[in-house]
Amino acid sequence: MNIALGVGGGIAAYKAAELARLLEERGFVVQVLMTEAAQQFVRPLTFAALTGRKVITDLFASAGGEETLSSAVEHIRVAQDNQMLIVAPATADLLARFAHGLASDFLTTLYLAFTGTVVLAPAMNTNMWRHPATQANLETLRRRGHHIVEPEEGHLACGMTGPGRLAQPERIAAIASAAAVQLRDLEGERIVVTAGPTEEPIDPVRFISNRSSGKMGYSLAQAAAARGADVVLVSGPVTLPDPYGVTVLRVRTASDMRQAVMEHLKDASIIVKAAAVADYHVANVASRKLKKTAMRLSLELDPTVDILAEVGQKKGDRLLIGFAAETENLVAEARRKMETKNCDMVVGNLVGTDGTGFEADQNEVTLVVRTGDVIKLPRATKLEVANWIFDHALKLRLALHAAQ
Ligand code: CTP
């Protein structure tokens, strides 16, 4: 689910960075917008680094030349792309402009064009908060059905003590999650996701592995959990933290991964195999550390079991999504893997290109689908790509049922 996070100009703007992080952790895709005043307190770069997306800073910032039209309608695009608008901190000035329908900058213009769920987290000086003008504006906004996250009492930056301090980011994130319940289209699904590389030992201290970071699989697990699914993430060795609300099973070798997947197959309705599983393991793993000699050393390798192909044989009416990381012939290879491994969809991505693939935060993939469709998705953060994959998976399941 996509959230537009509007950051207003107040000393609490820095707390919005923590909020952006918490929202991403809960599996939301966050597009940050900063008012001009907000940029006096925090730099857009902070948010860009946390969300992996460019921050929108002003309505006409890129006006001029060819970009005039696109930037002038950008607020409509943002309004359409996001299901929730959170404003934190919402200053007294922003509340007034929202209440009265002024469209004097990007955030207020977006607000007018926006039809989804609105969550406002005010923060201001105690007297400003208590002022009848502010209270009247809040009343108007409440009556519109917006969620108001009341500020907390405490010592304020202006020296006063009283209500006006921005609610804790955890509280705002919890309220956003509760409001998002209406959009839990994967509720009732049991999804197994695999992620990361596997490690195949050579001796007690050495192993063969690959450059998979696990980010795509973790984003898939995070996105599915945010949309209400029960998610088991079978993860090879990676350094990523456990995604929020996901059961994580950490494994090491292809054989461990196979066992964990097979144990959870019975209950699963969707299986997504994003892991970069080793195709070979060392035939005779040394029980002691191999010592260096001047001679050439050969390792004998045996093939591992292809987990995806095995699941493909046993899948029944479960939806099976495989991955194909290729350096060439992407669509043909993805299609071949779909057929030979009996998948319903293969997510193909070119590796070795700039800024996408294994270690990158962004990805650019093509979906090859059992119905014959080939869908090229635009380059986006791995969390966005994960959400699109589930959107298409749900559509595909409907199409497969309709064809039966
Ligand atoms: N896969 C698997 N078990 C294996 C190897 C691969 O489950 N032992 C799965 C991966 O998780 C991925 C898909 O198969 O979803 C494709 O993996 P990839 O390495 O691209 O393909 P391979 O089948 O190994 O084919 P090739 O080496 O010909 O590219």
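Residues numbered from 1 in each chain as written. Predicted model: local features only at pLDDT ≥ 70, side-chain atom pairs only at ≥ 80, totals over all residues. Heavy atoms only, no water.

Further remarks concern the pattern of salt bridges. Note that side chains of opposite charge can pair when their charged atoms are close. Overall, the coordinates contain 28 salt bridges when judged by the stated rule. Residue R227 is joined to D185 by a salt bridge in which the shortest nitrogen-to-oxygen separation is 2.9 Å. Residue R227 is located in the loop between α11 (215–226) and β11 (230–235), and its partner D185 is located in the loop between α10 (169–179) and β8 (190–195); the two are separated by 42 residues in the primary sequence. Owing to a relative accessible area of 5%, R227 belongs among the buried residues under this scheme. Its relative accessible area of 41% is what places D185 among the partly exposed residues. A salt bridge links E333 to R336, with the nearest nitrogen and oxygen atoms 2.7 Å apart. Of the two residues, E333 and R336 are both situated in helix α14 (residues 330–340); the distance of three residues between them amounts to about one turn of the helix. Taken together, the shared-partner salt bridges in this structure form one network comprising E18, R21 and E25. (Salt bridge = Lys/Arg side-chain N within 4 Å of Asp/Glu carboxyl O. Helix = DSSP H or I, 4+ residues; strand = E, 2+ residues; numbered from the N terminus. Buried < 20%, exposed > 50% of the residue type's maximum accessible area, 1.4 Å probe, protein only.)

What follows concerns the site of the ligand. In the vicinity of the ligand there are 17 residues, among which K273, A275, L308, F323 and K341 approach most closely. Measuring from a nitrogen atom of the ligand, one finds a side-chain N or O atom of T304 at 3.2 Å. Here a nitrogen atom of the ligand sits 3.0 Å away from a polar atom, N or O, in the main chain of I307. Protein chains bury 79% of the 570 Å² of accessible surface belonging to the ligand in isolation. (Near = heavy atom within 4 Å. Polar contact = N/O pair within 3.5 Å; in protein donor to acceptor, adjacent residues only side chain to side chain. Areas by Shrake-Rupley, 256 points an atom, 1.4 Å probe, with all protein chains shown as cover.)

Let us look at the environment of T253. The topology assignment puts T253 in the loop between β12 (247–250) and α12 (254–265). Taking the C-alpha atoms as reference points, T253 and R184, 69 residues apart in sequence, are found 34 Å from one another. Filtering out sequence-adjacent residues up to four positions away, T253 remains in contact with T198, E199, E200 and P201. Only 3.0 Å separates the side chain of T253 from the backbone nitrogen of D256, close enough to count as a polar contact. (Contact = heavy atoms within 4.5 Å.)

Let's shift gears to the sheet that holds β11. With respect to topology, eight strands assemble into an open sheet ordered β12-β11-β8-β13-β16-β17-β19-β20, the strand pairing being mixed. At either end of the open sheet lies a strand with only one pairing partner, and these are β12 and β20 (374–376). With direction set aside, neighbouring strand axes in the sheet form an average angle of 15°. With four bridges connecting them, β8 and strand β13 (residues 270–273) associate as parallel partners. Looking across to β13, one finds that V193 is bridged to V272. Against the sheet, α12 touches β8, β11, β12 and β13, its axis set at about 165° to β11. Against the sheet, helix α15 (residues 382–403) makes contact with β8, β13, β16 (319–326), β17 (345–350), β19 (365–369) and β20, and its axis sits at roughly 135° relative to β16, the strand it touches most. (Pairing = 2+ DSSP bridges. Axes fitted to C-alpha atoms, helices over the stretch in contact; angles between N-to-C directions.)

What follows is about the sheet that holds strand β5 (residues 147–148). Across the sheet, five strands lie side by side as β2-β1-β3-β4-β5; this open sheet has parallel pairing. Of all the strands in the sheet, just β2 (29–34) and β5 have a single pairing partner and so form its edges. Where strand β1 (residues 2–7) meets strand β3 (residues 84–90), four bridges bridge the pair, whose relative direction is parallel. Along β3, the bridge assignment pairs I3 with M84. Across the sheet, helix α7 (residues 106–113) lies against β1, β2, β3 and β4 (117–122), angled at about 145° from β3, the strand it touches most.

Here we come to the packing of aromatic side chains. Throughout the structure, instances matching the rule amount to one aromatic pair. Across the ring face of Y244, the terminal group of R26 is positioned such that the distance to the ring centre comes to 4.3 Å. (Phe/Tyr/Trp six-rings, centres within 6.5 Å; stacked < 30°, edge-to-face > 60°. Lys NZ or Arg CZ within 6 Å of the ring centre and 35° of its normal.)

Moving on to the confidence of the model for the chain. Looking at the chain, pLDDT values average 92 and 95% of them are 70 or higher. Below pLDDT 50 for its whole length, residues 62–69 participates in four contacts with residues either more than four positions away or in separate chains. (pLDDT = per-residue confidence, 0-100.)

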